[in-house]
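Structural features, examined
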Amino acid sequence: MFSSTPQRKGKLCKCNKKKKNNLTAIIISWALVIICMAIIFWLSSKTADESAAQSSVIVKWIINHFGKNSVTDFIVRKLAHFSEYVGLCFLASNAIYQSSKRFIPLYSCALTSFYAISDEFHQLFVDGRSCEIRDWAIDTVGALAGALAFYIIYIIIKKVVKKKNNIDTQIN
């Protein structure tokens, strides 16, 4: 009933609006992490034949553009692992940042690496798939790259905002 924050007839004060926007950003950020995890889980649920059929389109495109060699399929599959976890860790880094307003790469990399372990374990129960430590390592390196990409973008945005704020204070 009683609120310690001032309100004007039906309008939220600026501090409440900012908190609401922050909560929205947190919810959306974590929802994107969960969606990415669900997509990875769905892709890992494909049998070996289904997975090979999916990647064959990409493999054919690479062969047409770069020629055929014995490692093309291997490279495509490992780049897929790497890319999935770059994206997951980037999203996790953002969600953690939105939640804490601090960049904590250890948390996002650990979360992503633990998810990679669970993904490899999950593949033990899928026909023709296996649990590979090499894949987990590739996923974890992808996580490190995702955290690095987030950090680079974070630094750039921070510098742009600082520069904008300096220009605004000089104008006033």
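Scroll up a little and you will see the structure.
Residues numbered from 1 in each chain as written. Predicted model: local features only at pLDDT ≥ 70, side-chain atom pairs only at ≥ 80, totals over all residues. Heavy atoms only, no water.

Two elements in contact, helix 3 (residues 72–100) and helix 4 (residues 105–123), have axes separated by 9 Å at closest approach and are oriented at 140 degrees. When the axis of helix 3 is compared with that of helix 4, the two are oblique. For the pair helix 3 and helix 4, the sense of crossing is right-handed. Contacts between helix 3 and helix 4 pair His 81, Tyr 85, Leu 88, Cys 89, Ala 92, Ser 93 and Ile 96 from the former with Tyr 107, Ser 108, Cys 109, Leu 111, Thr 112, Tyr 115, Ala 116, Asp 119, Glu 120 and Gln 123 from the latter. Residue classes in the contact of helix 3 with helix 4 are distributed as 10 nonpolar, five polar and two charged. (Axes fitted to C-alpha atoms, helices over the stretch in contact; angles between N-to-C directions. Helix = DSSP H or I, 4+ residues; strand = E, 2+ residues; numbered from the N terminus. Parallel < 35°, antiparallel > 145°, perpendicular 65-115°, else oblique. Left-handed = near helix turned anticlockwise from the far one by under 90°. Contact = heavy atoms within 4.5 Å. Nonpolar A, V, L, I, M, F, W, Y, C, P; charged D, E, K, R; others polar.)

Quick look at the nonpolar core now. Where a protein is soluble and globular, its nonpolar side chains tend to be buried together. Val 33, Cys 36, Met 37, Ile 40, Tyr 85, Leu 88, Ala 92, Ala 95, Tyr 115 and Ala 116 form the largest nonpolar core, which has 10 residues in total. For this core, the elements supplying multiple residues, two or more each, are helix 1 (14–44), helix 3 and helix 4. With sequence-adjacent residues up to four places away left out, Ala 95 is seen in contact with Ser 29, Trp 30 and Val 33. (Core = buried A, V, L, I, M, F, W, Y, C linked by side-chain atoms within 4.5 Å. Buried < 20%, exposed > 50% of the residue type's maximum accessible area, 1.4 Å probe, protein only.)

Once that is clear, we can look at helix 3. Between its first and last C-alpha atoms helix 3 spans 42 Å; for 29 residues at 1.5 Å apiece the expected length is 42 Å, and the two agree. Buried within helix 3 we find Thr 72, Val 76, Lys 78, His 81, Tyr 85, Leu 88, Cys 89, Ala 92, Ser 93, Ala 95, Ile 96 and Gln 98. Looking one or two places after helix 3, you find Lys 101, whose phi comes out positive at around 60 degrees. (Expected span 1.5 Å × (residues − 1).)

Before going further, it helps to examine the pattern of salt bridges. By the definition in use, this model includes one salt bridge. A salt bridge links Asp 135 to Lys 78; the nearest nitrogen and oxygen atoms lie 2.5 Å apart. Taken together, the residues Asp 135 in helix 5 (residues 133–171) and Lys 78 in helix 3 connect sequence positions 57 residues apart. Taking the relative accessible area as the measure of exposure, Asp 135 reaches 5% and is therefore buried. Under the relative-accessibility criterion, Lys 78 is labelled buried at 14%. (Salt bridge = Lys/Arg side-chain N within 4 Å of Asp/Glu carboxyl O.)

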